[in-house]
Every structure is written in C-alpha cells, then in structure tokens.
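# Report on the structure
One letter stands for each residue in the lines below.
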Amino acid sequence: MFQKGVRESMNRVPDLLQPILTWLTGKPLKESEKSYFFPKTADIAITPLIGILAIQILASLAEWDTPAAWPIIFALWIVLVGILRKLQVTHLHHAIHNRLFYSTALNNVYAKLIPSIIFVQNGREYKKEHLAHHNADIFTTKQDADAAFLAQLGFIPGRTRKELWQTLWITVLSPAFHALFLQARLKSILIQKKSYELALAWTMVGVHLVLAFLLGLKAYLIAVFIPMTILYHISALLQFLTEHAWDVAGSAPTDWDAYAARCWGRFCGELYPKRSGNGLIGTLRHTAQIAMWSVRMLIVHAPVRLGCLVSDLPAHDWHHLAHLAGQNSRHWPRSLYLRQAAIACGDRPGFAKRELWGISNMIEHQFRWLESAQPAPSRSAGKTPATHADQQLLVAAE
C-alpha cells in the first residue's frame with residue numbers, strides 16, 4: 001500500500017501551482033523547493049481568528065432557507081474542524097513538547113488554557129499520555145493511550161478487513177460513540193483540581209449557553225455544536241486510526257528500525273495521469289483524465305488536508321524520527337521540507353519507503369496491518385529497544 005513517485009508524477013503540473021500542491025499533498029516535489037509557511041507566531045495568532053470568522057459566517061448561513069447555502073456550510077465545517085484540530089494536534093501538541101514557544105512558561109500556560117477553551121483533554125493528562133506514547137517501551141502497544149483508545153473501539157489485530165471497515169462505519173455513525181467521546185472530553189476538562197483552569201472551562205460553558213440563546217438553537221447547532229463535536233470526533237478518529245502501525249496485541253519495537261517501521265508519512269493526493277496515445281483522441285482522453293484528477297484533488301484530498309491531516313501531520317513520522325536524520329523536532333514548522341531534505345541526504349530513517357497516499361489507502365493499509373498482525377510474546381528481559389546512546393539522542397531531540 002506504500003507508494004513511491006506520486007508527488008514526482010506531479011512535476012508535469014505548471015511551476016506556478018507547485019507550492020499549492022506542496023501544501024495540499026503535504027510533500028514538496030524536491031528538496032530544493034522554496035519553503036512556504038507561516039511564521040510560527042503569526043500562525044498561532046491567525047488560527048483562532050479564522051475559526052471565529054468561520055463560526056460567524058456559519059451562523060449567518062444557518063438563517064438562509066435555501067439549499068444553495070449547504071455547500072458553503074459543508075466547506076466551512078471542514079475549515080472549522082481543521083482549525084479546532086490544529087489547535088490541539090499542532091499547537092497544543094508542540095506546547096507539551098515545549099516546542100511551540102521558546103519560553104517554557106508560555107508553553108505551560110498554553111497547554112493549560114487551550115484545553116479549557118475548546119473542551120479537549122486537559123493539559124496534564126495529555127502531556128503524561130503523549131510523552132509516554134513516545135517511549136519506545138510503550139509505543140503503539142496496549143500501554144499506549146492512543147492504541148488503547150482504538151482497541152476499545154474494536155480496531156485490534158486479528159480481525160478481518162471487512163470487520164474493521166464495518167466497525168469504522170458503525171463507529172462514525174454511532175450516537176453512542178459521539179456521546180462517549182464528548183463525555184470524556186468534558187469530564188477531563190470540567191472536573192479538575194486546578195481552580196483557574198476549571199473556572200475558565202465553566203466560563204466557556206456559559207459562553208456556549210449565551211451563544212445558543214443569542215444565535216438560536218438552529219444556528220448554534222450548525223455554527224458551533226456539530227463541527228465541535230460530531231465532525232471533530234470523526235476527524236480525530238481518522239487521524240488516530242491512520243497515524244501509526246498500532247500493535248496492541250504485540251510487543252514494543254526492539255530497535256530503532258522496528259520503531260521506524262511503525263511510522264509513516266500520510267499524504268493527500270494521487271498519481272498524476274500519464275498520457276497514453278497520440279493524436280486528437282489521445283489528447284482528449286488525457287485532458288479528461290487531468291480534469292478528473294483535478295476534481296478528485298479538490299473534492300476528495302483537499303477536504304482531508306483541511307479538516308483532518310492538518311498542518312504538519314502529513315510528516316508526523318518526521319516528528320518521531322527526525323533525530324535519526326540528524327535533525328531536531330524543534331523545527332516542526334518546516335517539517336514537510338526537512339523530511340524531504342532527509343530523503344535527499346541518504347534517508348537514514350527510511351521516510352521514502354513508507355509513504356501512504358489518500359485517506360482510503362491509509363485506512364486500508366492500517367486494516368491490512370491489523371488483519372495480518374498476530375499476538376506476540378513479550379520482549380525478553382535482556383532486549384532493549386535502543387542503546388543508551390540512542391535513548392539519550394531521543395531525549396535531546398524531543
């Protein structure tokens with residue numbers, strides 16, 4: 001299911017569009033490509049403002065009694081969900097790694113305040129579980145909180161792909177799943193010992209009640225509740241499900257190669273069509289293929305990039321393995337380009353051989369992995385996932 005040469009097949013697209021394709025796919029065409037990305041400070045400031053603007057426009061569209069409003073609503077839902085996810089899986093994620101701001105104090109403040117504002121797992125729990133996730137003795141096993149979450153939903157080794165696909169659809173459409181997910185979020189943030197975080201969280205509950213009163217129930221549901229709960233949960237599920245080779249029934253990776261094998265790049269796109277045939281018929285056929293490719297990039301892959309695999313998530317394998325390439329995860333805003341640079345410089349982490357393209361392919365690859373994975377005996381006591389020097393290197397990189 002891994003594919004090579006997908007981004008390279010797009011070299012026939014005009015140069016003017018290449019930066020757009022780099023953002024959309026999450027992968028530069030080549031190492032020498034000029035880097036385009038928001039300065040980190042601007043990104044942190046602009047992201048919530050875009051979310052607020054999306055809510056305002058959605059609230060206005062909710063009053064339109066016309067079918068013409070719904071395509072715009074769907075598009076803005078994707079944008080808003082992507083903003084909410086970015087606040088957690090990018091900004092909050094790097095804050096708990098002490099990589100969002102240069103100041104440790106600011107990272108700590110951000111990690112405590114943002115969860116109370118968007119109702120996600122509180123910073124202390126998130127930090128504890130996520131840093132444990134990076135531990136090679138826990139990574140992707142049943143002790144890994146992310147793996148355990150997916151296992152509870154039924155995504156476990158030994159099940160057939162058909163069963164796993166059925167589980168996915170049932171989960172996405174299940175009111176019980178969304179209710180339990182929301183309950184876990186609220187419980188984590190509304191029942192805390194820290195008074196100022198708890199006060200902010202309950203203040204936000206009050207803000208939501210005021211919004212529901214001022215906007216009306218219909219507008220509130222469309223502008224706030226649906227994207228913040230149901231769509232957020234679907235985005236989170238798809239992101240977690242395709243993130244790593246989860247192996248809850250097996251053992252931890254035994255060395256860095258085994259650790260790297262459970263990481264991969266996830267990119268949004270597909271092979272650019274090759275021309276086949278000459279003459280007018282060949283030209284018309286190729287033009288139609290390009291048109292279909294363009295439509296799929298816009299209506300299939302772009303929404304996934306906007307609403308699910310946001311920001312640096314396509315290169316999440318780089319986040320785990322940057323140190324193997326002699327790079328530092330502190331430079332995460334440039335991770336898409338640094339990953340490509342690592343490939344061009346010998347590719348010690350093996351990035352190029354582990355690339356998944358398209359959300360359906362990502363899911364199918366995960367399900368094939370789970371279908372073929374078998375319970376493994378625990379690692380022998382004398383075997384360690386890495387040398388002491390490797391462990392020290394990982395600590396320094398993270």
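Cut-offs applied
Residues numbered from 1 in each chain as written. Predicted model: local features only at pLDDT ≥ 70, side-chain atom pairs only at ≥ 80, totals over all residues. Heavy atoms only, no water. Buried < 20%, exposed > 50% of the residue type's maximum accessible area, 1.4 Å probe, protein only. Helix = DSSP H or I, 4+ residues; strand = E, 2+ residues; numbered from the N terminus. Contact = heavy atoms within 4.5 Å. Disulfide = S-S within 2.5 Å. UniProt positions renumbered as here; feature names shortened; annotations may be inferred. Phe/Tyr/Trp six-rings, centres within 6.5 Å; stacked < 30°, edge-to-face > 60°. Lys NZ or Arg CZ within 6 Å of the ring centre and 35° of its normal. 1 Å grid on protein atoms, 1.4 Å probe; cavity = no way out; pocket = protein on both sides within 12 Å on 5 of 7 lines; lining within 4 Å. Points joined across faces, edges and corners; volume = space filled by probe spheres on them. Nonpolar A, V, L, I, M, F, W, Y, C, P; charged D, E, K, R; others polar.

Turning next to helix α10 (residues 217–228). Residues A219, Y220, I222, A223, V224, P227 and M228 constitute the buried set of α10. Buried residues belonging to α10 abut α2 (40–61), α3 (69–96), α4 (104–118), α8 (175–190), α9 (195–215) and α11 (230–243).

Right, let's get into the state of the cysteines. As enumerated under the stated definition, the model contains zero disulfides in all. The thiol sulfur of C268 is not disulfide-bonded, and the nearest other cysteine sulfur, from C308, lies at 8.0 Å. Residue classification places C268 among the buried positions, given a relative accessible area of 1%.

A few words on the UniProt feature "transmembrane region" (unreviewed entry) in the chain. Within the UniProt annotation, "transmembrane region" (unreviewed entry) is assigned to residues 44–62, 68–87 and 220–241. Counting secondary structure, residues 44–62 comes out at 95% helix and 0% strand; the distance between its end C-alpha atoms is 28 Å. For residues 220–241, the helix share is 95%, the strand share is 0%, and the end-to-end C-alpha distance is 29 Å.

Two measures describe an aromatic ring pair: the distance that separates the ring centres and the angle between the ring planes. For the structure shown, the criterion picks out 14 aromatic pairs. Between the aromatic rings of W70 and W77, the centroid separation amounts to 6.1 Å while the plane-to-plane angle is 65 degrees, which identifies the pairing as edge-to-face. Here W70 falls in the partly exposed class, since its relative accessible area comes to 34%. With 4.2 Å between their ring centres and 20 degrees between their planes, F139 and Y259 make a pair best called stacked. Of this pair, F139 sits in the loop between α5 (123–134) and α6 (145–153) while Y259 is found in helix α12 (residues 256–261), placing the two residues 120 residues apart along the sequence. Assigned by exposure class, F139 and Y259 land together as buried. Taken together through their ring pairs, the aromatic side chains of F149, F177, F181 and F240 make up a single cluster. Across from the ring centre of F267, 5.8 Å away, lies the NZ or CZ of K27, which sits over that ring. Its guanidinium or amino end placed over the ring of Y102, K40 lies 4.8 Å from that ring's centre, counting from NZ or CZ.

Approximately 950 Å³ is the volume attributed to the largest pocket. Counting only elements with at least two residues in the lining of the largest pocket, the list comes to α3, α5, α6, α7 (161–173), α8 and α11. Ranked by residues supplied to the lining of the largest pocket, first place goes to α8 with seven residues. Of the residues that constitute the lining of the largest pocket, the class distribution is 16 nonpolar, 11 polar and eight charged. The space that makes up the second largest pocket amounts to roughly 710 Å³. If you trace the second largest pocket, you find 26 residues lining it, with W23, F38, D43, K86 and S311 closest to the centre. Taken together, the elements giving at least two residues each to the lining of the second largest pocket come down to α1 (18–25), α2, α3, α13 (279–307) and α15 (335–344).

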